[in-house]
Structure formats: C-alpha cells, structure tokens
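Topology and contacts: notes
Each chain, letter by letter, is given below.
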Amino acid sequence: GLSLLWSGPAPAQHGHHHERTPNVMEYLDRLDRPERDQDQKPAQVVETLAIKPGMHVADLGAGSGYFTRRFVEAVGETGKVYVIDIEPKALKYVEESLVHMQRPFNAEFILARPDDPNIPVESIDILFVCNTYHHLEDRTEYFRKVRSSLKQGGRLVIIDYYHDDRSGELSFPKRHLVAREKVLGEMTAAGYRLAKEHPFLPKQYFLEFVGAQDR
C-alpha cells in the first residue's frame, strides 16, 4: 500500500486527456509485479493471519490491491473487504482488478482523508496496514481514533520495511521509514498491545496488535 506517496495532486498532463495519470498508474503496476511475491510472501501472510470466510478486513492504503484481491478470495462472499486509500485512482485501479477476477466479491471502496480512514464503528476483524504506516502523520492519534472501528478482539496488523540494512535496496529514501521499536511505542500510546510478531518476511517487520483491554 505505498500509494499514499501519491497524496499530492497529480502533475498536469500536457496534451493527455485520458484521466489515467501515467505516473500513478505506472507506480500501481509496479507494486503489482510478480517479483514482489518473493519478499512479500503474500500467501503466507494471508495464511498466518487466519483470514476465514465471513470475516471483515480493511486494507488501509490498498494501493494497487496487491493484498486486497487475496483478502477478497479469503473472506468469500459472506465476508467483506474495505478498500481504503487517499488516492481515487488507486481505488479505481483496485476495483477494475477485482472485476477482472470475474467472481463475485463483496468490497466497499472508501476514499480516506489523510487523518481519518472513515471506517464504520465496530465493523472489522482485521485492519491491515502494509507499507503504509510510514506515510501517516500523527500516527498515535490516528490509530487511537481508528480503534473504535475494530470489533471486539479485532486485530491491527502492521507490516512495514525495516529502517536499516535489513530492508536492502528500496525505491525510495529510507529516512521516511519508521523503526519497529518506534511503532511499538506509538501503538502502546494509542491503546494497543503487541499480540504476535511474525519473523518470516526478510525486509519487513510483521506485527499484530489488539486493543490493550482485549485479553
């Protein structure tokens, strides 16, 4: 979900009248390339989260829908996926890719504000935040507000790149990244506790939080 990089207005396209701004679309296509699977291990991520039919999952900063499509398959028609991004073109891109799957799906597309993902109260089992955490401002406040969107026992899942050598070469400057320890501090302040940590992603930490009051 790196599409949050595109929070600024798209540059004016001279002489182009189609609404697909090439740079955003190229960027979304790049997020979807098959080589990403080697490091991102999407099937293992979805399996580890034990996403079952009927669950409600929110993909925050859905970007190209790389994980969205997998969530849609995992929750089935009885479940629901909230597709959330601040870039309207990303939402359109994801919607088109879901339609291309040519199978029924239950998804709601939400155009988020930078300070509020607009998720309905007590509506989700999992809030999934992949490669998006470091784009958010005032994260402690942001996730404190979002807590009301989780059902009882709901989980907040954060996957993001290590800020040091572990993440290898990235296509953007690492100074934007947030250290794992800092995430833990911010989430504790926002009213969560770390429930599980999964070490199998080579370049990213993979953290599952629950509300501090949930046992």
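For the structure, see preceding data.
What this report covers is the structure whose coordinates are included nearby. Keep in mind that what you see is a predicted model, and the values were worked out from it rather than measured. (Residues numbered from 1 in each chain as written. Predicted model: local features only at pLDDT ≥ 70, side-chain atom pairs only at ≥ 80, totals over all residues. Heavy atoms only, no water.)

1. Looking at the sheet that holds strand E5 (residues 150-161)
Strand order in the open sheet made by the seven strands is E3-E2-E1-E4-E5-E7-E6, with mixed pairing throughout. Looking at which strands have only one partner, the edges of the open sheet turn out to be strand E3 (107-111) and strand E6 (192-197). Put simply, the sheet's adjacent strands are angled 20 degrees from each other on average, direction ignored. As paired strands, strand E1 (residues 56-60) and strand E4 (residues 124-130) are joined by three bridges and run parallel to one another. Of the residues in E4, the one forming a bridge with Asp59 is Phe128. (Pairing = 2+ DSSP bridges. Helix = DSSP H or I, 4+ residues; strand = E, 2+ residues; numbered from the N terminus. Axes fitted to C-alpha atoms, helices over the stretch in contact; angles between N-to-C directions.)

2. Description of the pairing of strand E2 (residues 80-85)
On a regular strand, one side chain projects to one face of the sheet and the next to the other, so that they alternate. Of all six residues in E2, six are buried; the element is thus mostly enclosed. Residues Lys80, Tyr82 and Ile84 line one face of E2 and the alternating positions Val81, Val83 and Asp85 line the opposite face, and both faces are buried. Both E1 and E2 contribute to a ladder of five bridges, which runs parallel. Looking at E2, one finds that Leu60 is bridged to Ile84. Crossover handedness for the path E1 to helix H4 (residues 68-75) to E2: right-handed. With five bridges connecting them, E2 and E3 associate as parallel partners. Following the sheet pairing, Val81 is matched in E3 by Ala107. In this fold, E2 hands off to helix H5 (residues 88-100), which returns the chain to E3; that crossover is right-handed. (Buried < 20%, exposed > 50% of the residue type's maximum accessible area, 1.4 Å probe, protein only. Right-handed = clockwise from strand over helix to strand, strands pointing away.)

3. Points about the environment of Ser123
With respect to the helices and strands, the residue Ser123 is situated in the loop between E3 and E4. Ignoring anything within four residues of it in the chain, the contact list for Ser123 reads His56, Tyr82, Ser149 and Lys151. (Contact = heavy atoms within 4.5 Å.)

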